[in-house]
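One letter stands for each residue in the lines below.
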Amino acid sequence: MTQEASGKPDAKKVLVIGGGVAGITAAIEAAEAGCQVVLVERAPSLGGRVARMNQYFPKLCPPACGLEINFKRMKSNSSIQVLTQAEVQDLAGSPGDYTATVKISPRYVTDACTQCGECVKVCPAERSSEFDYGMSKTKAVYLPQANAFPALYALEREACPAGCDLCVKACAYGAIDLNQKAETKTISVSAVIAATGWVPYDASKITNLGYGRCANVVTNVIMERLASVSGPTQGKILRPSDGKEPKTVAFVQCAGSRDENHLPYCSAVCCSASLKQATYVRSAYPEAKVKIFYIDIRTPGRLEDFYTKVSSDPMVELIKGKVAKVEEDPATKDVILEVEDVLHGKKITERVDLLVLATGIVPQTQGLPAAATLDEFGFVDNRPGKTGFYGAGCVRRPEEVSATVQDATGAALKALQCAVRSAHHG
Amino acid sequence: MAEPILLTPDTEFIKNVLASGGGDLKKGFQCATCSVACTLSPEDSPFPRKQMILAQWGLKDKLLADPALWLCHNCGDCTTLCPRGAKPGNVLGALRNQAIQHFAAPSCLSRMATSPKAWPVLFVPGILVFGALALWGPKEITEPREFANVFPLHVLEPIFFAVSGLVLLAFAMGLFKFIKGLRSSGADGSILAGIIPAAVEIMTHKRFKECGKEKNRFWGHLLTLWGFAGLALMGTVVGIGTMAGFMHTPLAWTNPWKIFANVCAAVVLVGGLILLGDRLADAEKRKATTYFDWSFLLILVGIVSTGIAAELLRTGQLVTAMYTVYFVHLVLIFALFLFAPYTKFAHMAYRTVAMAATRKRT
């Protein structure tokens, strides 16, 4: 399933941890500049958070569009070795001369898989889909996502009934191997790029905003799945409680962000994300009303044009004031929110069909090697003068996709410089 | 375009708010979480978000005349939810302190009463008056010994009634300015019509009860207020009674008024200690508590504890100790009354008037 990196022993080699848009970009950029790259991804497919979006900035394309191009660049470049379901367990050594220990968990599906889907038809067991944030289920043997890379099914062995081998029998290509074992690899590299991305802030911690307590309070990442054709509702935005089409949708900005009780920093992308999701609602339901409650709308640079465009829609109302109380009507499951309309100095109570919490970005630094130094907010800190280990993308700072791509390109250059230095002196 | 409005920030005022318990004022970023967190804040004119920005801008006159300062009961729900740690509850407390200092007349007394350095001065008038009385006043020794041997009632009562008159006059001056301010800020409810319902609301702690948390403070404050009201009533009745000659102190232990007074004193002591303990137990609250709060609470607790101690010492006939403690008791009461319009004591009057002025006519 993976191409072995065919480098000479003294080749410049870079390890990229994380196969989201940042890691993919860093890997391709470094490889196209002549480096050997090992890309390690924990999930069974590359794509990360971007793959789970309905549309992404700046051009509001579906994620397949950008990811496809990158997967193609990757396939045509023999300098990139991709390891999925793999995690870096240890990183020893120093800049220019690292030894990484990578644990690869068994996929139980080999490169012989043709994605015919016969295994899924016979599989008796189910697993919760992490890809859909737990909103849907797949069979224990499953395709990680549409356009999966590598284009192979995977099997969650923990979900299998004891002794079951129906999928093995159903596979005409002999692609399912239940005896696969975890393996450990040691890889020598000159530099490391951490592109492990982010996780959405746990909205249930913001108790006054009702997530987990009110059925029709969702988060912005769930909204992306609801709007996505590959999502649990096949792209129809429906209320979780009754599957009704919402006529009023409200967004709570800074749900957890810029809040010292939760995330003390601004997550930078949530204002644009809510404006974008307002367009999902508006194009799906021409009668629907959208209300966005904000402290300040932060849409820097060219995103301001997007803000101007969305806010000029008469059905989209932006109200200055942070929602601080959310209740549920027990009969209708409507969401009732309370906020002070700051510009008018009145407290208002709104009843809406669906409430979206614009939750923020938490750096995914769990399991990163000790070489990663973190800043006061827990993001990977690329201190000036620090070489060998670089953060890129949302693990370094909250940013939208285009900024992430630029950041990853910069990190690739830094890693290359480190590799070249070590090749000269080493 | 509307005419531009020129704001003139009173920077001295901002510094005073920062120094008197509102130290985190400037962290507020107007998200308005506080206005929603507050269960007491009305829909048509929510607080404290607006008061936070007025304070940040140093708009002293507009702010100190704002009745919302007195509708806040310092529950702290706003402070708990505040995403910035701006502690709006503490800021409003500081603003109330500033309001009392601002409206109280004459202002020289106000400055003195609110300055920690002048703390000993609060007790000088009492020490002089009661010291003189003890040294040179008329003495009539009885057995068993009574307080009236050294501090005869026919002298004490006129002193206290005279002081009460002065204090009421000072209160009237301060409240007059305050009511003018309230009117200019749009609080137009009839104060005369509203004062009884407001007093009932205060005595029952109806609004206090709506606070989301802080049950300790509810009970502490309720007990202190009721006990204090009882003692004030009792003092007036005994004062008039002895002057008119139909009551004679010391009252017997079994006298209903005596029993009532002792119960009230115990209630104030318990309430006052709960309030003190509440502020002492929490580091954040300790930080937000200023001289203005401490001095008031300590004098209050000091009065009831010396009162109870003096009573016990008299019963035990420990002569020197009983007169000394009673002297301290008198000095503390004198300080509390004389400086009532300038200390936290005055919050009672301002709050009642503000609540009366903002009552909705039904």
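Predicted model, so just to flag it, every value in this text is computed and none were measured.

Looking now at the overall build of chain B. Looking only at helices and strands, chain B features 18 helices and 0 strands. Taken against the 2.2 N^0.38 rule, which gives 21 Å for 362 residues, the C-alpha radius of gyration of chain B at 22 Å falls within 12% of a compact globule. By principal-axis analysis of the C-alpha atoms, chain B measures approximately 85 × 40 × 35 Å. Expressed as a percentage of the 362 residues in chain B, the buried residues total 51%.

Turning next to the packing of helix α10 (residues 153-184) of chain B against helix α18 (residues 347-357) of chain B. All names here are of chain B. Following both chains from N to C, one finds α10 and α18 inclined at 35 degrees, their axes separated by 11 Å at the closest point. Here α10 and α18 pass one another in a crossing that is right-handed. Residues F171, G174, L175, F178, I179, L182 and R183 of α10 pack against A349, Y350, V353, A354 and A357 of α18. Of the residues belonging to the contact of α10 with α18, the class tally is 10 nonpolar, 1 polar and 1 charged.

Further remarks concern a nonpolar patch on the surface. The grouping of I5(B), L7(B) and W57(B) at the surface amounts to a nonpolar patch, some 340 Å² of accessible area in total. Mapped onto the fold, I5(B) is located in the segment before α1 (11-19).

Let's shift gears to the interface of chain B and chain A. Taken together, the contacts link 22 residues of chain B with 19 residues of chain A. Buried area between chain B and chain A, both sides added, is near 1600 Å², and the carbon and sulfur share of it is 50%. At the surface where chain B touches chain A, the tally comes to 1 salt bridge. Secondary-structure elements contributing two or more residues to the side of chain B that touches chain A are α2 (33-37) and α6 (77-81) of chain B.

Across a sheet, paired strands are connected by hydrogen bonds in the backbone, their directions being either parallel or antiparallel. All names here are of chain A. Taken together, 3 strands build an open sheet; the order of strands is β17-β18-β19 and the sheet is antiparallel. Each edge of the open sheet carries a strand with a single partner, namely β17 (325-328) and β19 (346-352). Strand-to-strand twist across the sheet, computed as the mean angle between neighbouring axes with direction ignored, equals 25 degrees. As paired strands, β17 and strand β18 (residues 335-341) are joined by 4 bridges and run antiparallel to one another. In the strand pairing of β18, V326 is matched with L337.

Attention now goes to the side chain of S422(A). Residue and element names in this part refer to chain A. Structurally, the position occupied by S422 is in helix α8 (residues 401-425). Here the side chain of S422 touches A419 through a polar contact of 2.8 Å, landing on its backbone oxygen. For S422, the contacting residues outside a window of four places in its chain are G96 and S190.

For the rest of this paragraph, the subject is the environment of L95(B). Residue and element names in this part refer to chain B. As for its position among the elements, L95 is in helix α7 (residues 88-103). With 227 residues separating them in the primary sequence, L95 and M322 have C-alpha atoms 41 Å apart. In this view, L95 contacts F13, V17, A55, L63, L64 and L69; residues no more than four positions away in its chain are not counted.

Time to look at the environment of M135(A). All names here are of chain A. Along the polypeptide, M135 turns up in the loop between β6 (126-128) and β7 (137-139). Its relative accessible area of 32% is what places M135 among the partly exposed residues. Along the primary structure M135 and T233 are separated by 98 residues, whereas in three dimensions their C-alpha atoms are 9.4 Å apart. Among all residues touching M135, those that are not within four sequence positions of it are S129, I222, R225, L226 and P232.

Attention now moves to the nonpolar core. One finds L95(B), F130(B), F151(B) and F178(B) to be the most contacted residues of the largest nonpolar core, which totals 89 residues. A per-element tally of this core places helix α17 (residues 319-338) of chain B first, with 10 residues. For F151(B), the contacting residues outside a window of four places in its chain are F130(B), L133(B), A134(B), L156(B), Y323(B), Y326(B), F327(B) and L330(B). Counting 32 residues, the second-largest nonpolar core is a separate cluster that includes I24(A), V37(A), L67(A) and F71(A).

Residues and elements named next belong to chain B. With 13 residues, helix α9 (residues 124-136) extends 18 Å from end C-alpha to end C-alpha; this agrees with the ideal 18 Å at 1.5 Å per step. When we look at burial in α9, the residues that qualify are G126, F130, G131 and L133. Along the axis of α9, the buried positions cluster into a sector of 160 degrees, meaning they face one direction only. Exposed residues lying more than 90 degrees from the buried face of α9 are L128, L135 and W136.

This next bit is on the confidence of the model for chain B. Summary statistics for chain B give a mean pLDDT of 91 and a share of 98% for residues scoring 70 or more. If you check the scores for this complex, the pTM reads 0.91 and the ipTM reads 0.88.

A few words now on the sheet that holds strand β14 (residues 248-255) of chain A. Residues and elements named next belong to chain A. With parallel pairing, the 5 strands of this open sheet are ordered in space as β13-β20-β14-β15-β16. Each end of this open sheet is capped by a strand with a single partner; those strands are β13 (217-219) and β16 (316-320). Pairs of neighbouring strands in the sheet enclose a mean axial angle of 25 degrees, with direction left out of account. Summarising the sheet, β14 and strand β20 (residues 354-359) pair through 5 bridges and their orientation is parallel. Its bridge partner being in β20, A250 is matched across the sheet by L355. Each of β14, β15 (289-294), β16 and β20 is contacted by helix α6 (residues 270-284), which is oriented at about 170 degrees to β14, the strand it contacts most.

Criteria and cut-off values
Residues numbered from 1 in each chain as written. Chains lettered and ligands numbered in written order. Predicted model: local features only at pLDDT ≥ 70, side-chain atom pairs only at ≥ 80, totals over all residues. Heavy atoms only, no water. Helix = DSSP H or I, 4+ residues; strand = E, 2+ residues; numbered from the N terminus. Rg over C-alpha atoms; globule rule 2.2 N^0.38 Å. Buried < 20%, exposed > 50% of the residue type's maximum accessible area, 1.4 Å probe, protein only. Axes fitted to C-alpha atoms, helices over the stretch in contact; angles between N-to-C directions. Left-handed = near helix turned anticlockwise from the far one by under 90°. Contact = heavy atoms within 4.5 Å. Nonpolar A, V, L, I, M, F, W, Y, C, P; charged D, E, K, R; others polar. Patch = residues over 30% accessible without salt bridge, like charges linked within 9 Å, V, L, I, M, F, W, Y side chains within 5 Å. Areas by Shrake-Rupley, 256 points an atom, 1.4 Å probe, with all protein chains shown as cover. Salt bridge = Lys/Arg side-chain N within 4 Å of Asp/Glu carboxyl O. Buried area = accessible area lost by both parts, 1.4 Å probe. Pairing = 2+ DSSP bridges. Polar contact = N/O pair within 3.5 Å; in protein donor to acceptor, adjacent residues only side chain to side chain. Core = buried A, V, L, I, M, F, W, Y, C linked by side-chain atoms within 4.5 Å. Expected span 1.5 Å × (residues − 1). Arc of directions from axis to C-beta. pLDDT = per-residue confidence, 0-100.

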